[in-house]
Amino acid sequence: MKVLKFGGSSVGSASIIQSVLKIISRAYQQDNKIVLVFSAMQGVTRSLQHLLAQAAGGEPVDDTLKQMETQHCNVLRAFVDNQRLQQACAAIELLFGQLRELLGGVRALGEVSLRARDKVLSFGELLSCSMMCPIIDQHIAATVFADARRFIKTNGDFGKAIVDYDLSYRLVSDFHAETNNSIVVFTGFIASNEKGDTTTLGFGGSDYTAAIVGAALNASEVQIWTDVDGIMTADPRIVNKAFSIPGLTYLEAIELSYFGARVIHPPAMLPAQSRNIPMVIRNTFNPSFEGTIITGSSTSNGSYIKGISFIPDTCLVTIQGGGMVGYKGFSGRLFTALARADVNVVLITQASSEHSISLAISPPDLSDAIQAIRKEFNQELLLGQIDEPRMEQEMSIIAVVGENMRNTKGLSGRLFSALGRSGVNVVTIAQGSSELNISVVIDRRDLHKAMNSVHDAMFLSPVRTLNVFCAGVGNIGKTFLRQIESQKDHLEQKRQVRINLAGICNSTSMLFDSEGISLAEWETLFKERAGNGSITTFVERASQMNLPNSVFIDNTGSDLVARLYSDLFRKSISVVACNKTGVSGPFKRYLSDKQVAQQFGVDFWYETSVGAGLPIIKTLYDLLISGDKVLRIEAVLSGTFSYIFNHYRGQRTFASVVREAMERGLTEPDPRDDLSGLDFVRKMLILARETGLQAEVNDIRLQSLLPQTCLEAASVDDFFLALEAAEDHFAAYKHQASEEDKVLQLVGILEEGVARIELLLLGREHPFYNLTGSDNIVSFTTNRYLNNPMVIKGPGAGAEVTAAGVMADLIRVAAQ
């Protein structure tokens, strides 16, 4: 025996009913002992609620009733022959006649009682089953219409009645025994009390009906056919990576349903659980999918948790005060008062000091709750023993559910780490002793971000999505985006990192898409769709999007961008920068940026600010964090100077080598910007600061290489003329190097707390002697690397290696 329940979306139109007939036929062929339960047609219950409001307000209802009647009869016309059509439409016409009379009574009274409301809402299911019976009768097998009000008995709590299971089971069982193996079609959602008055079973009550019928008949399975692929790990409208859960226990399903997973009605699990009857959630629109099976046994879905659910709107009420400490019976008085006021408490948490209790309640109950608390504890409030109840509105609850959570070490840490990394503040926490559910209350504005962060951490780990905002689309920026596009599959499969490009900007334009800007087409999209905006506006918009795991990529050289880093950190957005102006600016800002990033638990990586793609800062960091002491750093950190001095040999002039470097793109358009040495100074300053020195730009001693006449040149052309005229000045260095069998290099040296940059003559024994091309090189002399310094060498400039370094820093963010 199987019970199949079909929701409103499954009987919403003729086309989908065709699929429903195939599902029923297949089930009937496998086992002709099936029972069906139907909800009202999609939208009908909502229309009935609207009709009640119209009638109570004295408005006409005939047009809406006529449309509803036509809707049901049109479906019948698509499936049944004339004889059945006449009989079915006559039955439907009779029901609408009764409905008109009821609405007429509501209109005469000018109000809607709960009893009248249940009576009117019952017509949705009565009409649906009256429509489906003749359709199934013609296409599959003989049917018997079962008005559930005759068999499912409840108390008189209209709107959400309490079922008398023993009586209902007996009546359902006795009735079914008399049906001669016909397909019984029960009306969902509705029941009756001992007086025969119509009652309803609450939101999703048709699920409840199916479970009651299944329990009464000891069914082998209860199938709930709806419009989704079973119960999902999270709401797919908020978490687009949510996926179907193959199996749940009854308790897990109850917890998820209670906290907003409205695929199945929570009380529906109780009758099935009492008889250990599996409940299967299936998709009418995708019948081949196996859906979710709910049983008494816990199963694994590759994670310690089964799902993440939420209540989007809640309020937090906190009662605190010294008079609560050791006060026996305080909690009893509190909850009794709330119960008298008919206030439902969703979540409770209490400090171990007994100094405070926090309650999560529905927003409509807030006023009643506060009044009840004030009334009950009026004396304590007057005496100052407790404080005025504190209210926090616009909150949400997230619940992480799973029976395998019990005794799982580190699970809570992963949850709170995910929330913390995304800048989500947890207001209060509740966990039952069963360890089946961890619930947290957060600001409603953070709900979307929190749900996605937790889902990624709990289900998609080790794959992690980074939402990237890229500032700068020049040479490095373009190369970076191209590299990400070419490596995206590798990053996801091998590095478990998914890159979502959420925003791009240059100095005047910006483009956003929270779902991701195509990495293959970003240039076209940027040209066609980018709007006007400054970098400040870009940062504000990125913050307002409030996406989890957000990373800001600074591929500019702008000090204006660097001054915004702290604002980004305060919004829990990590920063990856090749822009050296940020970490080589005023020390006070450098220190503040580092402290704010640490305070808000985000990353700040800038490896490429010193050696492009070379792992110089990372190596220095690893040496220091492992307890090693840096004694001396030597470095050639200018690709321009490296190229010049590696080629300034033989008969060549200094001016000709500089011109060649400019033509190869190794200098700025004005070579004086490079030959001034300021870029090298900034890089040495960054290294000095990374070792702990509180240094400023002016603290770096720079040997000037250029004669005054070169520095005072009015233009680039005049500069080259001055260089040629000063050849004797440079040739003296070259001649001395040749005579001593040494090479010239401009070397940065950091030793004993002093940083300097000077032109040195290096012999064959020096690790920099064989430096070639425009490569950079750095050596670390430390306590551990005393006699044989650690040397890092390679390309230290160029868009390709710099962009690759930025990408490496981005991957480091994902690893945190």
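Up top is the structure these notes are about.
Cut-off values and rules
Residues numbered from 1 in each chain as written. Predicted model: local features only at pLDDT ≥ 70, side-chain atom pairs only at ≥ 80, totals over all residues. Heavy atoms only, no water. Helix = DSSP H or I, 4+ residues; strand = E, 2+ residues; numbered from the N terminus. Buried < 20%, exposed > 50% of the residue type's maximum accessible area, 1.4 Å probe, protein only. Contact = heavy atoms within 4.5 Å. Phe/Tyr/Trp six-rings, centres within 6.5 Å; stacked < 30°, edge-to-face > 60°. Pairing = 2+ DSSP bridges. Axes fitted to C-alpha atoms, helices over the stretch in contact; angles between N-to-C directions. Parallel < 35°, antiparallel > 145°, perpendicular 65-115°, else oblique. Core = buried A, V, L, I, M, F, W, Y, C linked by side-chain atoms within 4.5 Å. 1 Å grid on protein atoms, 1.4 Å probe; cavity = no way out; pocket = protein on both sides within 12 Å on 5 of 7 lines; lining within 4 Å. Points joined across faces, edges and corners; volume = space filled by probe spheres on them. Nonpolar A, V, L, I, M, F, W, Y, C, P; charged D, E, K, R; others polar.

Caption draft 1: Local environment of the environment of leucine 750. As for its placement among the helices and strands, leucine 750 is situated in strand S26 (residues 743-751). Residue leucine 750 is classed as buried on the basis of its relative accessible area, which comes to 6%. It is 9.4 Å that separates the C-alpha atoms of leucine 750 and leucine 685, two residues lying 65 residues apart in sequence. Filtering out sequence-adjacent residues up to four positions away, leucine 750 remains in contact with Leu631, Arg632, Ile633, Met684, Leu687, Ala688, Thr691, Leu693 and Ala755.

Caption draft 2: Structural detail: the packing of aromatic side chains. Under the definition given, this model contains 21 aromatic pairs. With a centroid separation of 5.5 Å and an interplanar angle of 20 degrees, the aromatic rings of phenylalanine 6 and phenylalanine 38 are classed as stacked. In this pair, phenylalanine 6 is assigned in strand S1 (residues 2-6) and phenylalanine 38 in strand S2 (residues 34-38), connecting sequence segments 32 residues apart. Residues phenylalanine 6 and phenylalanine 38 agree in their burial class; the two are buried. Ring centres 5.1 Å apart and planes at 25 degrees place the aromatic pair phenylalanine 512 and phenylalanine 538 in the stacked group.

Caption draft 3: Highlighting the sheet that holds strand S16 (residues 437-443). Taken in spatial order, the six strands of this open sheet run S12-S13-S11-S14-S16-S15, and their pairing is antiparallel. Every other strand in the sheet has two partners, leaving strand S12 (345-350) and strand S15 (426-431) as the edge strands with one partner each. Averaged over neighbouring strand pairs, the angle between their axes works out to 30 degrees when direction is ignored. Bridge analysis of strand S14 (residues 390-401) against S16 gives seven bridges, and the strand direction is antiparallel. Note that in S16 the partner of valine 401 across the bridge is asparagine 437. Sheet contacts for helix H11 (residues 366-376): strand S11 (307-320), strand S13 (356-361) and S14; angle to S11, the most-contacted strand, approximately 30 degrees.

Caption draft 4: Just the packing of helix H3 (residues 62-77) against helix H5 (residues 114-139), in detail. Two elements in contact, H3 and H5, have axes separated by 10 Å at closest approach and are oriented at 10 degrees. Judged on the interaxial angle alone, H5 and H3 are roughly parallel. Residue-level contacts link His72, Val75 and Leu76 of H3 to Leu127, Ser128, Met131, Pro134 and Ile135 of H5.

Caption draft 5: How the structure looks around the nonpolar core. The biggest cluster of nonpolar side chains holds 106 residues, and the ones touching the most others in it are Leu36, Phe38, Phe186 and Ile294. With 11 residues, H5 is the single largest residue contributor to this core. By size, the runner-up hydrophobic cluster in this structure holds 80 residues, among which are Tyr565, Phe587, Ile616 and Leu746.

Caption draft 6: Layout of unusual backbone geometry. Phi at phenylalanine 189 is positive, roughly 75 degrees, even though this residue is not glycine. Along the chain, phenylalanine 189 turns up in the loop between strand S4 (183-187) and strand S5 (190-192). Positive phi, close to 55 degrees, is recorded for alanine 612, a residue that is not glycine. Considering the arrangement of structural elements, one finds alanine 612 in the loop between helix H21 (608-611) and helix H22 (616-625). According to the relative accessible area criterion, alanine 612 is buried, its value standing at 3%.

Caption draft 7: Looking closely at empty space enclosed by the protein. In this structure the tally under the stated criterion is three cavities of 30 Å³ or more. Volume-wise, the largest cavity comes out at about 50 Å³. Surrounding the largest cavity, Arg421, Arg464, Asn549, Ser550, Ser572, Ser574, Gly601, Val602 and Val813 form its lining. Taken together, the residues of the lining of the largest cavity break down into two nonpolar, five polar and two charged.

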